[in-house]
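Residues per chain, in single letters:
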Amino acid sequence: MKKYLLEILMFSAYALFAASWVSGAILTPTIQSSFGEEGFASATWGSNVITLAKIVGNLAAAALLMRLGTKRAFTLAMVLIAAGGLGALAGSYGGWLASRLALGLGGALAIVYFAPVVMHYFSAEERPLINGINAAAFNTGNLLALLSTTLLTAWLGSWQSVVALYGVMVVALGILWWLSAEDFPLSGSSDKPAENYGLRQGVGEGFNWWLPLAYCGVLFCYIAVFALFPLIDGFAVASSHLSAVMIAAGMVGTVAGIIVTKRYPLRLPVLRYAGLALVGFAALMVTSREPIIAYGAAALAGFCMFLPMTALVTLPQELPGMTPAKITVTFAMFWSISYGVETVLMYGAGVLADVTGEPATAAYFAVACSASLFVFSFLLPESGKKPVTGNLEVDNAAA
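Summarised in this report is the structure supplied together with it. Just so it is clear, the structure is predicted and the values come from calculations on it, not from any experiment. (Residues numbered from 1 in each chain as written. Predicted model: local features only at pLDDT ≥ 70, side-chain atom pairs only at ≥ 80, totals over all residues. Heavy atoms only, no water.)

**What to know about the packing of aromatic side chains**
As enumerated under the stated definition, the model contains 23 aromatic pairs in all. Taken together through their ring pairs, the aromatic side chains of Tyr14, Phe17, Trp21, Phe114, Phe138, Tyr222 and Phe306 make up a single cluster. The lysine or arginine in question, Lys71, covers the ring of Trp178, its NZ or CZ lying 4.4 Å from the ring centre. In this arrangement the basic side chain of Arg272 is found over the ring face of Phe378, its NZ or CZ atom lying 4.0 Å from the centre. (Phe/Tyr/Trp six-rings, centres within 6.5 Å; stacked < 30°, edge-to-face > 60°. Lys NZ or Arg CZ within 6 Å of the ring centre and 35° of its normal.)

**Regarding the side chain of Thr310**
Along the chain, Thr310 turns up in helix H13 (residues 309-317). With a relative accessible area of 0%, Thr310 lands in the buried category. Among all residues touching Thr310, those that are not within four sequence positions of it are Pro128, Asn131, Gly132, Thr254, Gly257, Ile258 and Thr261. (Helix = DSSP H or I, 4+ residues; strand = E, 2+ residues; numbered from the N terminus. Buried < 20%, exposed > 50% of the residue type's maximum accessible area, 1.4 Å probe, protein only. Contact = heavy atoms within 4.5 Å.)

**Here's the deal with the environment of Ala363**
Structurally, Ala363 can be placed in helix H15 (residues 360-369). Given the relative accessible area of 0%, Ala363 is considered buried. In this structure, the C-alpha to C-alpha distance between Ala363 and Ile232, residues 131 residues apart in sequence, is 8.0 Å. If we skip the residues at most four places from it in the chain, Ala363 touches Phe229, Ile232, Phe235 and Val286.

**Notes on the pattern of salt bridges**
Scanning the model with the defined rule gives four salt bridges in all. One salt bridge in this structure joins Asp183 and Arg72, with 4.0 Å as the shortest N-O distance. Placement of Asp183 in the loop between helix H7 (159-180) and helix H8 (199-203) and of Arg72 in helix H3 (residues 40-83) is noted, with a sequence separation of 111 residues between them. With relative accessibility at 40%, the residue Asp183 sits in the partly exposed group. Classification of Arg72 by relative accessible area gives partly exposed; the value is 45%. (Salt bridge = Lys/Arg side-chain N within 4 Å of Asp/Glu carboxyl O.)

In structure tokens:
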């Protein structure tokens, strides 16, 4: 039962990281006002420092895991996430941003450590379910923040209380983790010596580049819906409604992705066709002038965006010779490169909108970039195996 307790603690910590991030974004006008800050550029720093922290933290995650071990490394991640709650005590806007930096570093470490823990404690048959659940952690926290931030602020009386509440909850999770967790061999077996596998070795493997490049465009499109689309007029419905519909449909898509990954042995077709469908539905979402069509397209786009996530994170765990040490490096590079490219794409979208004088161009650019999953899926290896038919003559003929 220990593995399920550890999974619940990891999932909850990352969901609360997401909730703290998104609630901070929602409360930005109030937070700015309390510090005497104003302006859009200043407002964006609350999320920008988290994104920058995730890029750096993801790269540092593997080295910290090797040095500290699983128990201490994830405890550090929880401490940093909880430190986001110290923003409630900040005496300046710079102090608030420092707390957001700590929050981002904690989230960066936590999401990388999902993979080695899942690989160690759960069997190959169990991993699709657990990976799918973990893939929904950010969306869960996002939805929690969207639904509760206004109510919590009214109930508790201030934005500081809301921020502090998330910090206190993560502290409680951290204590439970420390009491329950244990270190395990990162070589994949207690009989094998510890692996000397770090970023230097990971950078030399092409797969560790193709995987994040496949995902970065999808990540950009997802973040653009929340950060970029509200700045653009002309959609058939309010961008906030598109966000809510996509999140809700994404949760359904995650469940469907778990089922598909458990029942269908191949991974690449799921990535490829879901990625292609995502582009089509997202394009319809931003170009349609009919509200019903826009809502339907947003739902289908959200569904297709999260349908392949379970297969995407399961694929590396199924590759030959994969160990907890290697998978940590793989996902450290995965999240760092994904967020790094996403940051560049987001800036590029803003430049494109300024140059063309048409803000909607940025939305079209985000949709086009979501094709990365379809394009780069052709460069990824297939980790699944086709089912054996049981008919040797047919199998031989097919060979």
